[in-house]
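Chain and residue survey
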Amino acid sequence: MSQPTQVDPRGLRVVAGITAAVLAAVLVIPSEPVRIVLLAAQVAVFAVAALVGLQASPYAKVYAAVVRPRIGPPAELEDARPPRFAQIVGLAFTTVALVALLAGATTVALIATAFALVAALLNAAVGLCLGCEMYLVLRRIAPSGA
Amino acid sequence: MTGLVVLAVALVATVVIALVMRWRNGRFASAAPADDQERLTAGQLGVPLGERATLVQFSSAFCAPCRATRVVLADVAAAVPGVVTVDIDAEEHLQLVRDLGIMRTPTVLVLDASGAVTTRASGLPRRDQVLAALDRTVADAP
């Protein structure tokens, strides 16, 4: 299986929308066990998308099975690298949130979740990839090897 | 309770960021005073400067709007004589990126005939924004 380098941009928006819904639920439901389960599930979804590929994400499969057949093929495809990088950033924030929650630092967990939520909402609503915007800033800080 | 407050803050932050980005994208800053302009050479760019102006785009791999920006710039360069476009991979020119204070991709610089950076914009610009920036650059030329 070769890594697909092009993806349906509408699928990315749907995936971001589902992600945002899950993260919003984490914030809204004031139950430790529910929050842990939801965050762990989201961490797993991000990990699959980041490490295996965007199309392997369960949310992407929902899109491919339910949404895409109804709206037809995309007019154009998009490079998979920016959104995949964004999934890594999402993975980092939700992992911090999960670890904090398990350690009993609920407020830290909620704030980390909120950062991931803002990124997912921006992606779903206006197609902005916050993780990608941060990329060059991070590369600039890194010592120049290039 | 804390969760609801955090959610509300996150929603407000999302709207604010979306509006700021929409305002910023493709907005060319007013030109710097002539004695304070950075200058790029054909050597740094790897291609000869345009006869009247050069559009320099900084791109990176993790950049969704870079491709669309490239199309806009190529379209403008094809329409305006004496204008060429250059696409620079930011990651391969990190020192240049730092020197020029570039924080995002895409960032578009407009150079006059001598290579001086007259104005710049980050994010996907509209065709008319690029044309207006070019007009100012060419009009200001000595």
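Residues numbered from 1 in each chain as written. Chains lettered and ligands numbered in written order. Predicted model: local features only at pLDDT ≥ 70, side-chain atom pairs only at ≥ 80, totals over all residues. Heavy atoms only, no water.

Here we come to the overall build of chain B. Within chain B, the regular secondary structure consists of 5 helices and 4 strands. Start at the N end of chain B and walk to the C end: the helices and strands fall as α-α-β-α-β-α-β-β-α. Structurally, chain B occupies a C-alpha span of about 60 × 30 × 30 Å along its principal axes. Expressed as a percentage of contacts within chain B between residues at least 6 apart in sequence, the contacts between residues at least 24 apart total 75%. Accessible area of chain B: about 7100 Å², with a carbon and sulfur share of 61%. Side chains of chain B give 13 positive and 14 negative charges; the mean places of these two sets differ by 8 Å. (Helix = DSSP H or I, 4+ residues; strand = E, 2+ residues; numbered from the N terminus. Contact = heavy atoms within 4.5 Å. Areas by Shrake-Rupley, 256 points an atom, 1.4 Å probe, with all protein chains shown as cover. Lys, Arg positive; Asp, Glu negative; His and termini not counted. Charge placed at Lys NZ, Arg CZ, Asp CG, Glu CD.)

A separate point is helix α5 (residues 127-140) of chain B. Residues and elements named next belong to chain B. Counted at 1.5 Å a residue, the expected span for α5 with its 14 residues is 20 Å, and the 20 Å between its end C-alpha atoms agrees. Residues Gln129, Val130, Ala133, Leu134 and Thr137 constitute the buried set of α5. Around the axis of α5, the buried residues are gathered within 130° of arc, so they sit on the same side. When the buried face of α5 is taken as reference, the exposed residues oriented beyond 90 degrees from it are Asp135 and Ala139. Close packing links the buried residues of α5 with β1 (53-59), α3 (66-79), β2 (83-89), β3 (107-112) and β4 (117-122). (Expected span 1.5 Å × (residues − 1). Buried < 20%, exposed > 50% of the residue type's maximum accessible area, 1.4 Å probe, protein only. Arc of directions from axis to C-beta.)

Attention now goes to the interface of chain A and chain B. On the chain B side, the residues contacting the 32 residues of chain A number 28 residues. Both sides together, the interface formed by chain A and chain B hides about 2700 Å², and carbon and sulfur atoms give 70% of it. By the criterion of area lost to chain B, the three top residues of chain A are Glu133(A), Leu136(A) and Arg140(A), representing 25% of everything that side buries. On the surface where chain A and chain B come into contact, there are 3 salt bridges. When the shortest N-O distance is used, the salt bridge between Glu76(A) and Arg67(B) registers 3.9 Å. At the surface where chain A touches chain B, the tally comes to 7 residue pairs in polar contact (both at pLDDT 80 or more). Counting only elements with at least two residues in the side of chain A that touches chain B, the list comes to α1 (9-28), β2 (78-79), α4 (81-102), α5 (106-126) and α6 (130-141) of chain A. For the side of chain A that touches chain B, the element with the highest residue contribution is α6(A), accounting for 8 residues. Here the residues of the side of chain A that touches chain B are counted per class, giving 22 nonpolar, 2 polar and 8 charged. (Buried area = accessible area lost by both parts, 1.4 Å probe. Salt bridge = Lys/Arg side-chain N within 4 Å of Asp/Glu carboxyl O. Polar contact = N/O pair within 3.5 Å; in protein donor to acceptor, adjacent residues only side chain to side chain. Nonpolar A, V, L, I, M, F, W, Y, C, P; charged D, E, K, R; others polar.)

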